[in-house]
Amino acid sequence: MRQLMGLRKIARVVLVSAVVMLAANPSWADEVVNQRIQALEEELLDLKESMEVQKEAVRSIETNTVGIKNTSLGGYGELNWANFDGEKKDEFDTQRFIIFLGHKFSDRTRLMSEIEFEHAQVKGGESGGEVAMEQAYIEHSLNNNLDMRAGLQIIPIGITNEYHEPPVFYGMERNNIETKIIPSTWRELGFQLKGKTIGGLEYFGGISTTPDASKFTNPEKGAFKGMRVSGKQVVANDMGYYAGFNFKGIPGLKYGGTVWTGNTAQDGQGKGANEELLKDVNATLTIWDLHAQYDANDWKLTALYAAGTLGDTEIINASAGLAAGSNDAAPEKFSGYYLEAGYKGLNLGGYNVQPFARYADYDMQQEVAPGFAINTANADTVITYGVSMYLEKDVVLKLDHQDFDFNGANDSINIGINRKAWRQIGRAH
């Protein structure tokens, strides 16, 4: 800016000099005067071009500075060690590393995105590691109480699915219900409207892509977890629909629920084995939850119940190559619940130490199609207890023990170091 002001002063001096010279010698025939006038005109043109360059540079600096200040960088990571009581191998794992990038285009329009790295590396296309876009959507405020989202986004069901940063939840692993019944993290491409009222009611509804029934293999890791599509070239012949609410009108208390439903057959054009068997089939998946959480007065108390149904499972089983009598059958019904209590008021040596306990009960094959068997290993009761020691607000050291009632080989002592970071570039967030 100082350079720009100096150039303007020089231009004024040049103009005044030209006027004085013309007044002193009014003869237009004087060749020397004409040459000087021409030289001054050239200097003025050069100064004008220089001033325009300076103005553009100032505009660019101002624009880029605003852009940087409105860009947010964040993320979280999980480093976990599991020591199993039985013959199952112990494991130390860089489980997740997430990078978040957001940008505020204006007071009304924002970009949200997350890239996820799992298990430290992906090499040669082999399984065991993953690099994936976890979220990528545009959010636009239609007014002060109503927002619209479009893109790859987390389905707003349960508690952990949307808010899955490790410092937020207790235990090294996410709870058993929001991994086996609600397949956290469950994300789909779609559109959502989200609003709120003065009394503390938040409501939402949307349309999204659906899981792919042709990708089903077995329910070992989750009732329909293997059917997720995660935004990659998703077949969209059929779409899903959802709606839900959360009430936050009482300080410290949140309760709500969500229901999602959609046809997962995709008219036999899915991306799994024998997908053509699902043509003209209504493999409708419906899942819903009710949840409540109280987080105040040094206590964090949580309760959640989730259940679902899946249609045309005989054809899904055939698509997966499962013969009659198989106990890997797709579930017609599945459900689970958990209760959790954590105490936040304990401080030891300057650290906030939060002991917790959780009781979870799930059944991933509550019912199957006639002629197929139920694998009893797909249902269990799990008691988890431990402590979360917060080294900083967003850095937590976790220690817990999991005790499975039926699948005793999964009993384990777990240690994890989890962190979350967030910074708005140009100023602290």
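Note that the coordinates shown come from a computational prediction; the quantities given were computed from them, not determined experimentally.

Caption draft 1: Structural view of the side chain of Asp212. On the secondary structure map, Asp212 appears in the loop between β7 (201–208) and β8 (240–247). Despite being buried, Asp212 has no salt bridge partner; Lys215 is the closest side chain of opposite charge, sitting 6.1 Å away. Every residue in contact with Asp212, bar those within four places of it in the chain, is listed here: Met227, Val229, Thr264, Gly270, Lys271 and Gly272.

Caption draft 2: Region of the structure containing the pairing of strand β12 (residues 331–343). Sheet topology note: the strand β11 (residues 299–310)/β12 ladder contains eleven bridges and is antiparallel. Within the sheet, the bridge partner assigned to Ala306 lies in β12 and is Gly336. Note: β12 against strand β14 (residues 351–368), ten bridges, orientation antiparallel. Counted as the bridge partner of Tyr337 is Asp361 from β14.

Caption draft 3: Spotlight on the nonpolar core. Counting residues in hydrophobic clusters, the biggest one holds 38 residues, and the most contacted among them are Ile177, Ile287 and Ile316. Element by element, the count of residues in this core is highest for β14, at four residues. Here Ile316 is in contact with Ala213, Phe216, Leu278, Ala283, Leu310, Gly311 and Ala330, once residues within four sequence places are set aside.

Caption draft 4: Expanded view of a negative patch on the surface. A cluster of acidic residues, Glu41, Glu42, Glu43, Asp46 and Glu49, forms a negative patch at the surface. Among the secondary structure elements, Glu43 is positioned in helix α2 (residues 31–69).

What counts, and where the lines are drawn
- For every chain, the first residue of the written sequence is number 1, and numbering continues from 1 onward in sequence order.
- Side-chain atom pairs in this predicted model are given and counted only at pLDDT of 80 or more, local residue features only at pLDDT of at least 70, and totals for whole chains, interfaces and linings cover all residues.
- Calculation of side-chain values draws on the structure's entire complement of heavy atoms; hydrogens and water are dropped beforehand.
- Runs of H or I in DSSP of at least four residues are treated as helices and runs of E of at least two as strands, each being numbered from the N terminus.
- The rule is simple: take the accessible area with a 1.4 Å probe, protein chains only, and divide by the maximum for that residue type; under 20% is buried, over 50% is exposed, in between is partly exposed.
- Only four residue types enter the charge count: Lys and Arg as positive, Asp and Glu as negative, with His and the chain ends excluded.
- Here, a salt bridge means any side-chain nitrogen of Lys or Arg that lies within 4 Å of a carboxyl oxygen of Asp or Glu.
- In what follows, a contact means two residues having at least one pair of non-hydrogen atoms within 4.5 Å.
- The pairing criterion for strands is at least two bridges between them, as found by DSSP.
- Residues belong to a common nonpolar core when they are buried Ala, Val, Leu, Ile, Met, Phe, Trp, Tyr or Cys residues joined through side-chain atoms within 4.5 Å.
- Excluding any residue in a salt bridge, patches collect residues exceeding 30% relative accessible area, merging like charges within 9 Å and nonpolar Val, Leu, Ile, Met, Phe, Trp and Tyr side chains within 5 Å.
- For every accessible area listed, the method is Shrake-Rupley and the probe measures 1.4 Å; residues are considered covered only by the protein chains on display.
- Positions of charges follow a simple convention, taking NZ of Lys, CZ of Arg, CG of Asp or CD of Glu.

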